[in-house]
Structures are given as C-alpha cells and as structure tokens.
Amino acid sequence: MKIRQIGALTAASVLALGLAACGDSAKDGGTGGGGGGGSKFKVGIKFDQPGMGLKKGNDYTGLDVDVATYVANELGHKAGDIQWVQAPSAQRETLISTGQVDMVVATYSINDKRKATVSFAGPYFIAGQDLLIRADDSSITGPDSLTGKKLCSVTGSTSAENVKKEVPGVQLQEFGTYSECVAALVSKGVDALTTDNTILAGYASQDQYKGKLKVVGKTFSEERYGIGIKKGDTATCDKINTALAKMISSGEWQKAIDKNLGPAGFQVDKSKNPPKQDACS
Ligand code: GLU
C-alpha cells in the first residue's frame, strides 16, 4: 500500500480504507500471477514498513524479509519459491489459522492473547514501543505528555493496546496500516504515531520525511518479534528456532540488521539483542 496524503478523514472513509487494505492483502502476492503456485511457500510480511517489510514493485526488502528468506531456505524452500503476502496487523492470526500463509514474519510481537490462536517461533529481535512526532514539535517528550494530543496507531497491534493502558483516555485514531498514520501525522490530522521503534526509525529516515519527523526515543514496552505459525505445530517451531539460532551464530543475523536498520541509524538494544529463542510448546 502506498503512503498517501489523507487529510481529514471521516469515520466512513477510514472504514473504506480499512476494507481496501483487507481486499488487496492475501491475494496481492509477490510472484506476479502464474496461476496455481501450489508449491509456493507463503509468507506474510508488511508491505509498507521501510527497513522491516517493504514492497516496491516486485522487490521485497527489510529485516523481516531477510529473516523469512533465511528461515525458509533452512526449511527447504528456496527464495524463488516464496510468495510474499501482505499481512496487516489485525489480519495476522486469521491468515495463519486459515492457512492463507505458512508463516508470518511481520514485526509480530509474541504475546499470550495471540498464542491462543497461533504458535510462535523466536524471538528473532526485540524492539520497544516509541513515538514518532513532527520534527518541530517540542511538546511531546514521551507517553506522559500525550494528554490532549491526537495519537495514531494500528488496529490489532500491541502498540494500540499498550498505549491505551499506558495513557488512559488518550485520543487514539486507529488505522489499518502505519503508513496511513504517517500521512495523517504529516498533514497534522494527528500529533503522534505510536508503534515499535524499528518501524518508526524506518519512516523517519525516508527521503520525503527527513527533517520533518522525529522519533522521541523513550521506549515504553518490550516487543519480542516472533514467527507466527499454525497453532500447535511444534515440529516446525523447533526447526525455525534452529534456523534462527544458526542465522545468529553464523553472523547472517548481524548482516541483516546492519543492512536493514543501519541506513535509518537505528540503535539496536544490545542488552536484549540478539535474543535467545523461547522453547516451543
Ligand atoms: N509489534 C507490534 C505488534 O505486533 C506492533 C507492530 C505491528 O503492528 O506490526 O502488534
């Protein structure tokens, strides 16, 4: 989904955008038709998060793309056999449980609520929730200065849930994707966007936003990125964890971090990364 100027949105158009986002996900795979594709390994990623999961034409880039490609290869699926499927935050559990994707690698935090529907391998990265604001705004310095401000996040994300708990009564606008929040932030429809620092750093470093947006830099959660798979598939979970441990010990994980998060100047929290994988259950 392209980053768009949105301006003032009515509830109806927000809903329509959400539905449009649903409509082109899942079907909008990356292999350019070809029919059938029964042997494809389907991986859910984000399409609009620079540095993490980004679709540009037929090109897919980001840490999630590189982690997924490495893991898929270890599971016996060559890069050319992967079909990338858009997995918006609110649709990840459904995409997995209905078998529309084989795995989800999409800035997907491991938590108990999601574990009721899907299983997780990993974590492969630990991020933290932060705020993205306009560069000339000095009034927002952290979650405690959000009173009276308009905040944006995404439906079905831990970011939206966390901030509702952290700042009760905050005016929260929830969109289907973070790029819609960025557009609203630039056009002053909202005052801040909250989600993982990885995602925010990616937007802030985009050419069109350089000097216009800044990350506040005060994280207020721990987001442990996992790889979502069918609930109870412990065998695959174990294989993925073995692959992740190999990616880390071989140096490929660090290479993927430098390549994808380096350009945004993102500072990886080395007290938490690279993480040790949880036992599969
Ligand atoms: N990591 C958080 C989550 O899984 C926020 C990012 C996202 O929505 O993908 O909900």
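The model shown is predicted, which means the values in this text are computed figures rather than measured ones.

A. The arrangement of the pairing of strand E10 (residues 171-175) in detail. Strand direction decides the pairing type here: strand E9 (residues 150-154) and E10, joined by five bridges, are parallel. Along E10, the bridge assignment pairs Cys152 with Gln173. In this view, the connection linking E9 to its parallel neighbour E10 by way of helix H5 (residues 158-166) has right-handed handedness.

B. Looking closely at the state of the cysteines. For the structure on display, the rule yields two disulfides. Note that Cys237 is cross-linked by a disulfide to Cys280, the S-S spacing being 2.1 Å. Residues Cys237 and Cys280 are joined through a disulfide that is left-handed, its torsion about the S-S bond being -80°. Of the two residues, Cys237 sits in helix H8 (residues 234-249) while Cys280 sits in the segment after helix H9 (252-261), which places them 43 residues apart along the sequence. Classification of Cys280 as buried rests on a relative accessible area of 18%. Sequential numbering of the bridged cysteines in the protein gives the disulfide pattern 1-2, 3-4.

C. Fine view of the nonpolar core. Within the largest apolar cluster, 54 residues are counted, with the highest numbers of intra-cluster contacts made by Val43, Val67, Trp84, Met103, Phe125 and Ile227. Here this core gets seven residues from one element, more than from any other, and that element is helix H2 (residues 63-74). With near-sequence residues (within four places) excluded, Val43 lies in contact with Ala68, Ile82, Gln83, Trp84, Val85, Val101, Met103 and Val105. Grouped together as the second largest cluster of nonpolar side chains are eleven residues, Val85, Val101, Ala106 and Val118 included.

D. Up close: the site of the ligand. In the neighbourhood of the ligand, 17 residues make up the surrounding shell, with Lys46, Ser89, Thr107, Tyr178 and Asp196 lying closest. Note that a nitrogen atom of the ligand is positioned 2.8 Å from one of the side-chain N or O atoms of Ser109. One nitrogen or oxygen atom from the main chain of Thr158 is found 2.8 Å from an oxygen atom belonging to the ligand. Protein contact buries 100% of the 280 Å² of open area that the ligand shows by itself. Those elements that provide at least two residues to the shell around the ligand are H5, strand E11 (192-196) and strand E13 (223-230). By residue class, the composition of the shell around the ligand is five nonpolar, seven polar and five charged.

E. Representation of the sheet that holds strand E12 (residues 213-215). Taken in spatial order, the five strands of this open sheet run E10-E9-E11-E8-E12, and their pairing is mixed. Two strands lie at the open edges of the sheet, namely E10 and E12, each paired on one side alone. Averaged over all neighbouring strand pairs, the angle between strand axes comes to 30°, with direction disregarded. Packed onto the sheet, helix H6 (residues 178-186) meets strand E8 (129-134), E9, E10, E11 and E12 and runs at close to 150° relative to E11. Where helix H7 (residues 197-204) meets the sheet, its contacts fall on E8, E11 and E12, and the angle it forms with E11 comes to roughly 130°.

F. Looking closely at the packing of H2 against H8. Contact geometry of H2 with H8 gives a least axis separation of 9 Å together with a crossing angle of 120°. In terms of orientation, H2 and H8 fall into the oblique class. Both H2 and H8 take part in a crossing whose hand is right-handed. Of the residues in H8, those in contact with Asp66, Val67, Tyr70, Val71 and Glu74 of H2 are Ile240, Ala243, Leu244, Lys246 and Met247. Classifying every residue of the contact of H2 with H8 by side-chain character gives seven nonpolar, no polar and three charged.

G. Fine view of the packing of H2 against H9. Look at H2 against H9: their axes get within 9 Å of each other, and the N-to-C directions meet at 155°. As summarised for this structure, H2 and H9 are arranged roughly antiparallel, according to the angle between their axes. Viewed along their axes, H2 and H9 form a crossing whose handedness is right-handed. Of H9, the residues touching H2 (which contributes Leu63, Asp66 and Tyr70) are Glu252, Ala256, Ile257, Lys259, Asn260 and Leu261.

Thresholds applied
In this convention, every chain numbers its residues from 1, walking through the sequence in written order. Only residues with pLDDT of at least 70 get local features here, since the model is predicted, and only at 80 or more are side-chain atom pairs given and counted; chain-wide, interface and lining totals rely on the full set of residues. Think of the side-chain values as coming from all heavy atoms in the structure, minus any hydrogens and water. When DSSP finds two or more bridges between two strands, those strands count as paired. Put simply, DSSP H or I for four residues or longer makes a helix, DSSP E for two residues or longer makes a strand, and each gets a number counted from the N terminus. Place the viewer so that the strands point away; then a crossover is right-handed whenever the path from the first strand over the helix to the second strand goes clockwise. Criterion for a disulfide: a pair of cysteine sulfur atoms at a distance within 2.5 Å. For each residue, the accessible area found with a 1.4 Å probe, counting protein chains only, is set against the maximum for its type, and the residue is called buried under 20%, exposed over 50%, and partly exposed in between. The term nonpolar core refers to a set of buried residues drawn from Ala, Val, Leu, Ile, Met, Phe, Trp, Tyr and Cys, joined through side-chain atoms within 4.5 Å. We call two residues contacting when some pair of their heavy atoms lies within 4.5 Å. What makes a residue near a molecule or strand is one non-hydrogen atom of that residue sitting within 4 Å of it. Within 3.5 Å is the distance limit for a polar contact, defined as a pair of N or O atoms, with the added protein rule that one can donate a hydrogen and the other accept it, and that residues adjacent in sequence qualify only through two side-chain atoms. Residue-level accessible areas treat just the shown protein chains as cover; the underlying method is Shrake-Rupley with a 1.4 Å probe. Here the nonpolar group is Ala, Val, Leu, Ile, Met, Phe, Trp, Tyr, Cys and Pro; Asp, Glu, Lys and Arg are the charged ones; every other residue, Gly included, is treated as polar. Throughout, an axis means a line fitted to C-alpha atoms (over the contacting stretch in the case of helices), and angles, computed between N-to-C directions, take values from 0 to 180 degrees. Between 65 and 115 degrees an angle is taken as roughly perpendicular, under 35 as roughly parallel, over 145 as roughly antiparallel, and anywhere else as oblique. In this scheme the crossing of two helices becomes right-handed for a clockwise turn of the near helix relative to the far one and left-handed for an anticlockwise turn of less than a right angle.

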